[in-house]
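# Structural characterization, general
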Amino acid sequence: MKKLLSLMTALILILVLAACGATEDSEQDNEEVTDNEETTGESEDTSWTEVEEAGKLVVGTSGTYAPITYYNESNELTGFEVELVKEVADKLGLEIEFNTMDFDGILPSLRNGQIDVAAHDFAITEERKETFDFVIPHKYSYGSVVVRAEDADRFSDAYDLEGVDVALGSLTSNYAIFADNIGANGTAYDGGTEAILRDVMNGNTDAYLNDRLVLQRTLDEFGDDRLVVADQVKYHATESAMAVLRGNTALKEKLDEAVQELIEDGTVASLSEEFLGEDVSEPVDESEVVGLDGE
């Protein structure tokens, strides 16, 4: 009996020691995996290699925001940012595929991986940077307003828009945020800029908020001297850039290099003068420009 008890005790000790050894080995393996993840990162950034292997860059834009992105008389997609993206793709040795959609759908499409790049005069904001990374800026500007010619002196600065009925291209744009912050009564239009300009001209709304260069080119195309840009109204200095999904660092760096080359060789300046009437590749003087928050 004593021998049997001794054997059973020895067997139990062996099993306990074996279990302890397995636990230690498992913990060591887990530590090695964790250490390896910390060294190499949780996942490899393949954003550039995937685009390179596909041989094309898929770009989201609207085609309805002249002179940034629009269809010309030959029904060809063109515009300042469209032509710039074409130049970028050429620099990178890629074909380009444009997916046109409503403005409000571009960034969600980028977030969902349906496109590689968003190109629609997107201003760099802290809120957007929570989800997206931005290529180096290629356009610097600020907002202004289109008003009736008879009201050209009605607004001495952006603060005079408080309580005023204003038209907006989208409720998700920075101009909509500014209108809300300044206390203007904003209404979004989905019928294009011509409908907006006619409503301003007819007195259905008092001003149209947008980028100053876009507004001027829009008026030039509209061709009615009953509307003017109120040049003294300056707000929300912007840095516009193409956007990629946050974390797609490899793709961003390739785009950065291409855009930087296009800035340095004068391509950005040339395209902006063609489509916007002046060089927009240099920062603006912000001393007289009201900020996005109205301050």
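Reading guide: rules and limits
Residues numbered from 1 in each chain as written. Predicted model: local features only at pLDDT ≥ 70, side-chain atom pairs only at ≥ 80, totals over all residues. Heavy atoms only, no water. Helix = DSSP H or I, 4+ residues; strand = E, 2+ residues; numbered from the N terminus. Contact = heavy atoms within 4.5 Å. Buried < 20%, exposed > 50% of the residue type's maximum accessible area, 1.4 Å probe, protein only. Arc of directions from axis to C-beta. Patch = residues over 30% accessible without salt bridge, like charges linked within 9 Å, V, L, I, M, F, W, Y side chains within 5 Å. Areas by Shrake-Rupley, 256 points an atom, 1.4 Å probe, with all protein chains shown as cover. Salt bridge = Lys/Arg side-chain N within 4 Å of Asp/Glu carboxyl O. Lys, Arg positive; Asp, Glu negative; His and termini not counted. Charge placed at Lys NZ, Arg CZ, Asp CG, Glu CD. Phe/Tyr/Trp six-rings, centres within 6.5 Å; stacked < 30°, edge-to-face > 60°.

### A closer look at the side chain of Ser109
Take Ser109: it is sitting in helix H4 (residues 103-111). The residues touching Ser109, leaving out its near neighbours within four places in the chain, are Met101, Gln114 and Ile115.

### Overview of helix H2 (residues 47-54)
Those residues of H2 that fall on the buried side of the exposure criterion are Ser47, Trp48 and Val51. On an axial view of H2, the arc spanned by its buried residues comes to 95°, and they lie on one face. The exposed residues of H2 that point more than 90 degrees off its buried face are Glu50 and Glu53. Residues of H2 that are buried sit in contact with strand E1 (56-61) and helix H9 (249-264).

### Some thoughts on the environment of Asp231
Looking at the secondary structure, you find Asp231 in the loop between strand E12 (227-229) and strand E13 (235-240). According to the relative accessible area criterion, Asp231 is exposed, its value standing at 55%. Separated by 87 residues in the primary sequence, Asp231 and Ser144 have C-alpha atoms spaced 6.8 Å apart.

### Regarding a negative patch on the surface
A contiguous patch of negative charge, built from Glu44, Asp45, Glu50, Glu52, Glu53, Glu253 and Glu257, is present on the exposed surface. The set of elements that each furnish at least two residues to the negative patch consists of H2 and H9. Element by element, the count of residues in the negative patch is highest for H2, at three residues. With respect to the helices and strands, Asp45 occurs in the loop between helix H1 (2-40) and H2.

### Some details on the pattern of salt bridges
On inspection of all chains with the given rule, the structure shows 16 salt bridges. Between Arg148 and Asp151 there is a salt bridge whose closest N-O contact spans 3.1 Å. Neither Arg148 nor Asp151 differs from the other in exposure class; each is buried. Here Asp224 and Arg226 are joined by a salt bridge, their closest N and O atoms 2.8 Å apart. One network of salt bridges, with partners in common, ties together Arg148, Asp151, Arg154 and Asp206.

### Observations regarding the side chain of Ser272
Take Ser272: it is sitting in helix H10 (residues 267-276). Overall, the relative accessible area of 0% leaves Ser272 in the buried class. Residue contacts for Ser272: discarding those within four places in its chain leaves Phe80, Gly277, Glu278, Asp279 and Val280.

### A short note on the packing of aromatic side chains
Enumeration over the complete set of coordinates arrives at three aromatic pairs. Where Phe103 meets Phe122, the ring centres are 5.4 Å apart and the plane angle is 25°; that geometry is what we call stacked. Highlighted residues: Phe103 in helix H4 and Phe122 in the loop between strand E6 (117-118) and helix H5 (126-129), separated in sequence by 19 residues. Geometrically, the ring pair formed by Phe178 and Tyr235 is stacked, given 4.2 Å between the ring centres and 15° between the ring planes.

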